[in-house]
Amino acid sequence: MGLGKQSDRQNIMWVSWDKLPKSGGHAFYDKLQAILTKNGFDKHAEKLCAPFFADKRGRRSIPPGRYFRMLLIGYFEAIHSERGIEWRCADSLSLREFLLLDLTERVPDHSTLSRTRSRLSLEVHDQMFSFVLEILAKEGLIKAERLGVDASTMEANAALKTIVRKDTGEDYNEMLTRMAKESGIETPTADDLVRMDRQRKGKKLSNKDWESPTDPDARIAKMKDGRTRLAYKPEHAVDLDSGAIVATKIHHADKGDTKTLPETLAVAEKQLNGIGKKPTKSFKCEVVADKGYHSRDTLKNLEDSNWKSRIAEPKRKGLNWWKGDKQARRAVYNNRARISTDVGKAAARKRTELVERSFEHNLDRGGGMRRVWLHGTENIEKRYLVHVAGFNLSVLMRNKFGVGTPREAAAWSNLALWGFYIEANSGFLSIIVAVVIDSAGKFVFAGLAVNWVSNS
């Protein structure tokens, strides 16, 4: 093979179609495109978004299906920023084909994504999430018999050091300076402020007294890794038979689990009703949760509803005093009986596996939404709903084709199989060897299957 040399580029006025570069395509996105096209993804998106745009006047926007596809790419390619999504799509011919871009069209920039998101309502994003959930229901992946519920934390796009007091509007240093002057220090230094802050009594950061001027919806909370930050609280309701997320909701981070559970279950009931699997009192759906959701009021509300509780009970010293509340006593004892059975213990193990996996894929390893770059609960929930829809599509792809992400598909594409058999008088021995090598040429997996076939 001769050495190819880069020559000077010359502008060509006309190029025939057969001379244009073609993409070989990506097996994962080709299969995903076929699923979306079969179910009318683009027409459904355009129908939902039509009321938010003018009929004739004005420059045409990007197709709504392209907007939602780019956010799905953010999940599949593990890109959390919209600027990064734009760069990735512009660099890939396969992704351009997935976005249904013509040769003369450019990839929408990140500001277009932001403007489109602000124009479309939260309800539209929620209905697109419901549309993806309907696709999973058609494939039989939504059983709606057991839902695992849990919550995590997302770091807000606001610095803790910029918070101000709600009553005076002072930031933290201004408050310390005022307190130092009131105590008799006319010109306090930085060391004086640190010393006074360390020694003063009742020092704490309360959401009742402090807020962020850039993101008022963010709340002071302790993250899962122990840091104190301004944060939001995403909560998932996961189908324990398939691992698909039936409902998700973004809450204020200072709300306890027992306060957010009714809102998340209301969203889950709405989503299940949309696919014809709404729980009823005769066919209840189990709610499996950890001990953070255990309270008498929670169990009382679930006992006579369309839900059946399997909520872990925290260990407490002493006896329970019911004070005549027979309904709470019945609800607590019934829940205790359900979680102590083998079925209840198996459901708790399944909840730990699948719900934690959903947070790992959506917040950490997947699209990296552990830190958000948007402001406001509604704005973040719009982005997160499409993000979780991508997770559900990965569950569908893994169920149908054995792979749930493009990288996994690329790894499995480098699969080598060898088969041979050894004959004997009474039969023959068949041996199959499978070796998987990733795109970088590194060893990933090897398997061996041996089978003896008798002549009799």
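Residues numbered from 1 in each chain as written. Predicted model: local features only at pLDDT ≥ 70, side-chain atom pairs only at ≥ 80, totals over all residues. Heavy atoms only, no water.

**Q** Would you mind going over the nonpolar core in detail, with residue names and values included?
**A** Generally speaking, soluble globular proteins have nonpolar side chains that are buried together. Counting residues in hydrophobic clusters, the biggest one holds 105 residues, and the most contacted among them are Phe 68 and Trp 307. The dominant element in this core, judged by the number of residues it contributes, is helix α14 (residues 377-401), at eleven residues. (Core = buried A, V, L, I, M, F, W, Y, C linked by side-chain atoms within 4.5 Å. Buried < 20%, exposed > 50% of the residue type's maximum accessible area, 1.4 Å probe, protein only. Helix = DSSP H or I, 4+ residues; strand = E, 2+ residues; numbered from the N terminus.)

**Q** If you had to explain empty space enclosed by the protein to someone new, which residues and values would you point to?
**A** The full count for this structure, using the stated rule, is two cavities of 30 Å³ or more. In terms of lining, the largest cavity is formed by Phe 41, Phe 68, Leu 72, His 125, Met 128, Phe 129, Val 132, Leu 385, Val 386 and Ala 389. Residue assignment for the lining of the largest cavity shows that the elements contributing at least two residues are α3 (64-76), α7 (122-138) and α14. Here the lining of the largest cavity gets four residues from one element, more than from any other, and that element is α7. When its residues are assigned to classes, the lining of the largest cavity shows nine nonpolar, one polar and no charged. Computed from the structure, the second largest cavity encloses a volume of approximately 30 Å³. (1 Å grid on protein atoms, 1.4 Å probe; cavity = no way out; pocket = protein on both sides within 12 Å on 5 of 7 lines; lining within 4 Å. Points joined across faces, edges and corners; volume = space filled by probe spheres on them. Nonpolar A, V, L, I, M, F, W, Y, C, P; charged D, E, K, R; others polar.)

**Q** Quick rundown of unusual backbone geometry? Include the residues and the values.
**A** Even without a glycine there, the phi angle at Leu 100 is positive, about 60 degrees. Position of Leu 100 relative to the elements: it lies in the loop between α5 (93-98) and α6 (110-119). Exposure remark for Leu 100: the relative accessible area of 44% places this residue in the partly exposed category. A positive phi angle, near 60 degrees, is found at Ala 144, a position not held by glycine. With respect to the helices and strands, Ala 144 occurs in the loop between α7 and β1 (146-151). The exposure class assigned to Ala 144 is buried, which follows from its relative accessible area of 12%.

**Q** Describe in detail the environment of Gln 33, supporting the description with residues and values.
**A** The residue Gln 33 is located in helix α1 (residues 27-38) in this model. Along the primary structure Gln 33 and Leu 100 are separated by 67 residues, whereas in three dimensions their C-alpha atoms are 9.7 Å apart. The residues contacting Gln 33, other than those within four sequence positions of it, are Arg 69, Glu 97, Phe 98 and Leu 100. (Contact = heavy atoms within 4.5 Å.)

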